[in-house]
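Next come the chains, spelled out residue by residue.
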Protein chains: 2
Amino acid sequence: MGPPALLPPFYTPPFHSLVRQSPPRHHHHRPACRDPPIRSPAMASAPPLLKDELDIVIPTIRNLDFLEMWRPFFQPYHLIIIQDGDPSKSIRVPEGFDYELYNRNDINRMLGPKASCISFKDSACRCFGYMVSKKKYVYTIDDDCFVAKDPSGKDINALEQHIKNLLSPSTPFFFNTLYDPYRDGADFVRGYPFSLREGVPTVVSHGLWLNIPDYDAPTQLVKPLERNTRYVDAILTIPKGTLFPMCGMNLAFDRELIGPAMYFGLMGDGQPIGRYDDMWAGWCTKVITDHLGLGVKTGLPYIWHSKASNPFVNLKKEYNGIFWQEELIPFFQSVSLPKDATTVQKCYLELAKQVRAKLGKVDSYFNKLADSMVTWIEAWDELNPPKGGVATANGPPKK
Amino acid sequence: MGPPALLPPFYTPPFHSLVRQSPPRHHHHRPACRDPPIRSPAMASAPPLLKDELDIVIPTIRNLDFLEMWRPFFQPYHLIIIQDGDPSKSIRVPEGFDYELYNRNDINRMLGPKASCISFKDSACRCFGYMVSKKKYVYTIDDDCFVAKDPSGKDINALEQHIKNLLSPSTPFFFNTLYDPYRDGADFVRGYPFSLREGVPTVVSHGLWLNIPDYDAPTQLVKPLERNTRYVDAILTIPKGTLFPMCGMNLAFDRELIGPAMYFGLMGDGQPIGRYDDMWAGWCTKVITDHLGLGVKTGLPYIWHSKASNPFVNLKKEYNGIFWQEELIPFFQSVSLPKDATTVQKCYLELAKQVRAKLGKVDSYFNKLADSMVTWIEAWDELNPPKGGVATANGPPKK
């Protein structure tokens, strides 16, 4: 990993062209939508940010009608849809979107035995989309999330805000009391060390949710009517050394700089836990960004989270996690990565080793998870060989 | 220090009565104002929070006309005014406020040789007010700060919000993405460990500023017209292990639990540095709260900061600090306090020792500062003897 650039380089991995030549069978390429024939002068001068550098990853089990509301913001981008559950079911995608869709059969075919690291019947399956994307950036969103409005009543372009967050630095080493110092109208306050004002590359942008807050089952049960109506006009860096609960509902990241850490674990079908997929990814990601000197931002943008999931079902998924978490947090708080772990992959494999060594005794599930963490990195490296490398077997379908 | 209580105990130190019997000569006690004869039913059911448990400390060199705007919020409370500069000058305080006022002569008389630890011709002198207060809580505000309005146009009762912040716990061990989980309409999000949801006692509430942001001289020079217009509706805990730039303009704290750490250092007259008084206090306070398991909040409330100080004058005060700070931050980031430092005083004296050992080589100023830190604690303990203790010489004026 060279010095991370803040502006997206127009880097195309060699493997990229191979994917374009061999799209999965559900791939729909609609150049007309990506390059609309009629452009207003305003659009010509301000094309969608990172149009060719970002994929939107959506895990789903249903028709994607929710995209209609996102059309003005998402249509210029390429979508990667991960169809969870029954692969024989057909998922309808509204007209005009450029997308590729993978179901369980595709995942099994592309990864072979390594497909075991991708969860089934759990939105954790979305991380397969991170792996097959060939773009520098990924935005992932749940299909029950809609466009929120800011306090002035204007529709929030969540993706645009995420991109702004990712393209401006983070400040993990010292807290700025006026929040993100790189926003218009803000700066570093008196007493902020000048040597730290350059910041570090932002690799994660964690967005929030109006309406249904992201509560655990016990809190859902206790506060069934609570709605989040507070629009907090802030973005801030999660300080170095501080863990946070990363939610996968409205999340963007730099997959080139942190992608291999974004493994959503083993959840759902056949596993003793659910709803900790994004949390797991968040804890792993945070200790790795801290180690590598990269930044994580949280706050804006908001999306509108339309409906609460069933708290009884959630409790069943969560209850092991609620116990285990009490051991996981001290583990992640005290993880130390060696100096020679200079790439995300090396950090992640080291983390897998420590998970096995220290969490295996909490439950044998963590031995299985540690195995999967290794498998995930192997699969990632196969689908994303180093520049100049060659794709090996079990990659995407050959011609 | 016993187990810190979240609700204010109605504790009166034995020394309290002595001060009441021997007020400094400027003391005006106006019981009529503290217990208004006419109370609406609403007021009767909701008296001002902590009316008898909080002092407002104001450093000033001018007539306190700014209090007129604060009258509805401050009048029920007792004020401690620290008059900086020429002690022969008379400071006018609007009618109806209950206050005591100390000028340099009072400070010298009360502290004797120990008065050397209190800065002169710098708002750092305000910390003398923290020392002479006998209340559990202190709020301090600058005399160029006015009542701000929230986005709905309503006057913000800054003091009430500070008190709410201080009376609800902090969460320094894990970040909550919906900010303060104890506010109405908010809670801990999914993935927040249940064992950490009780929080820890909040001992500092750091409020912010609309209009003129608290910038250093270089930023003021570069952005003379920048105004802070962004109202961020959030309060959050500064995580453990993270330093922040604490501004003394709009600040509340629990003097019983953290007061002795709130020393604003040696600034102004005869010193090679200014405008780092609150920063110094903030760094010392933060490492001590982290060590003792106490919490620091920042965010709401806002005050309206009316006018920018002269950036050329500020640059002269700040330039040493701008250099030195680059050594101070790594120092504070790596400070480790011993396990037997179980009181704020013990922590602070240990910190003074480390300042001398490690910062003395940066500049001889830090040896002088380390001496003053020790003197400050001695003076604090004289004016605030342990429960059941006896006031010694050099205390407040004897009868």
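Residues numbered from 1 in each chain as written. Chains lettered and ligands numbered in written order. Predicted model: local features only at pLDDT ≥ 70, side-chain atom pairs only at ≥ 80, totals over all residues. Heavy atoms only, no water.

Colleague: I'd like to hear about the packing of aromatic side chains, residue by residue, with values.
Modeller: Aromatic ring pairs are defined here through the distance separating the ring centres and the angle between the ring planes. Using the criterion set out here, one finds 42 aromatic pairs over all chains in the structure. With 4.8 Å between their ring centres and 80° between their planes, Tyr130 of chain B and Phe253 of chain B make a pair best called edge-to-face. Here Tyr130 of chain B, found in helix H6 (residues 127-132), pairs with Phe253 of chain B, found in strand E8 (residues 250-254); they are 123 residues apart in sequence, far enough to count as distant. Centroid distance Phe331 of chain B to Phe332 of chain B: 5.0 Å. Interplanar angle 75°. Geometry classified as edge-to-face. Given a relative accessible area of 2%, Phe332 of chain B falls into the buried group. Each residue in the set Tyr276, Trp280, Trp283, Trp324, Phe331, Phe332, Tyr365 and Phe366 of chain A is aromatic and connected to the rest through ring pairs, giving one cluster. (Phe/Tyr/Trp six-rings, centres within 6.5 Å; stacked < 30°, edge-to-face > 60°. Helix = DSSP H or I, 4+ residues; strand = E, 2+ residues; numbered from the N terminus. Buried < 20%, exposed > 50% of the residue type's maximum accessible area, 1.4 Å probe, protein only.)

Colleague: Please provide a residue-by-residue account of the environment of Pro301 of chain A, values included.
Modeller: Residue and element names in this part refer to chain A. Counting through the fold element by element, Pro301 comes out in strand E9 (residues 295-305). Here Pro301 falls in the buried class, since its relative accessible area comes to 1%. Counting along the chain gives 56 residues from Pro301 to Pro245, while the straight-line C-alpha distance between them is 16 Å.

Colleague: Help me get a handle on the relation of the copies chain B and chain A, residues and values and all.
Modeller: Least-squares fitting of chain B to chain A yields an RMSD of 0.0 Å, with the superposition described by an axial translation of 0.0 Å and a rotation of 180°. As the rotation angle and translation indicate, the two copies are arranged about a two-fold axis. Scanning chain B for the C-alpha nearest the rotation axis identifies Val232 of chain B, at a separation of 2.8 Å. A high fraction, 100%, of the interface residues of chain B reappear at the interface in chain A, so the copies pair face to face through one surface. (Least-squares fit on C-alpha atoms with pLDDT ≥ 70 in both. Contact = heavy atoms within 4.5 Å.)

Colleague: Help me get a handle on the confidence of the model for chain A, residues and values and all.
Modeller: Detailed reading of the predicted coordinates is not advisable wherever pLDDT falls low. Residues and elements named next belong to chain A. Per-residue pLDDT for chain A has a mean of 88; in total, 85% of the residues score no lower than 70. For residues 391-399, every residue scores under 50 in pLDDT, and the model assigns this stretch 22 contacts once sequence neighbours within four places are set aside. Here the predicted complex carries an ipTM of 0.87, next to a pTM of 0.87. (pLDDT = per-residue confidence, 0-100.)

Colleague: For helix H7 (residues 158-167) of chain A, give the residues involved together with the corresponding values.
Modeller: The buried fraction of H7 of chain A is high, at seven of ten residues. If you check which residues of H7 of chain A are buried, you get Ala158, Leu159, Gln161, His162, Ile163, Asn165 and Leu166 of chain A.

Colleague: So what's going on with the pattern of salt bridges? Which residues, and what values?
Modeller: Residues and elements named next belong to chain A. Here the structure, examined in full by the defined rule, presents 46 salt bridges over all chains. Where Lys51 meets Asp52, a salt bridge forms, and the shortest distance between an N and an O atom there is 3.3 Å. Exposure remark for Lys51: the relative accessible area of 13% places this residue in the buried category. Exposure remark for Asp52: the relative accessible area of 45% places this residue in the partly exposed category. It is possible to trace a salt-bridge network through shared partners that takes in Lys136, Asp254 and Glu256. (Salt bridge = Lys/Arg side-chain N within 4 Å of Asp/Glu carboxyl O.)

Colleague: Describe in detail the nonpolar core, supporting the description with residues and values.
Modeller: Within the largest apolar cluster, 244 residues are counted, with the highest numbers of intra-cluster contacts made by Trp280 and Ile288 of chain A together with Trp280 and Ile288 of chain B. If sequence neighbours within four positions are ignored, Ile288 of chain A has contacts with Ile258, Ala261, Leu337, Val344, Cys347, Tyr348 and Leu351 of chain A. (Core = buried A, V, L, I, M, F, W, Y, C linked by side-chain atoms within 4.5 Å.)

Colleague: Go over the packing of helix H12 (residues 344-359) of chain A against helix H13 (residues 365-383) of chain A, please, and point to the residues and values.
Modeller: Think of two packed helices as two axes; the pair is described by the angle between the axes and how far apart they sit. Residues and elements named next belong to chain A. Where H12 meets H13, the axes come as close as 8 Å, and the angle between the chain directions of the two elements is 165°. Considered as vectors, H12 and H13 are oriented roughly antiparallel to each other. The way H12 lies across H13 gives a crossing that is left-handed. Mapping the contact onto sequence places Gln345, Tyr348, Leu349, Leu351, Ala352, Val355, Arg356 and Leu359 in H12 and Phe366, Asn367, Ala370, Asp371, Met373, Val374, Trp376, Ile377, Trp380 and Asp381 in H13. (Axes fitted to C-alpha atoms, helices over the stretch in contact; angles between N-to-C directions. Parallel < 35°, antiparallel > 145°, perpendicular 65-115°, else oblique. Left-handed = near helix turned anticlockwise from the far one by under 90°.)

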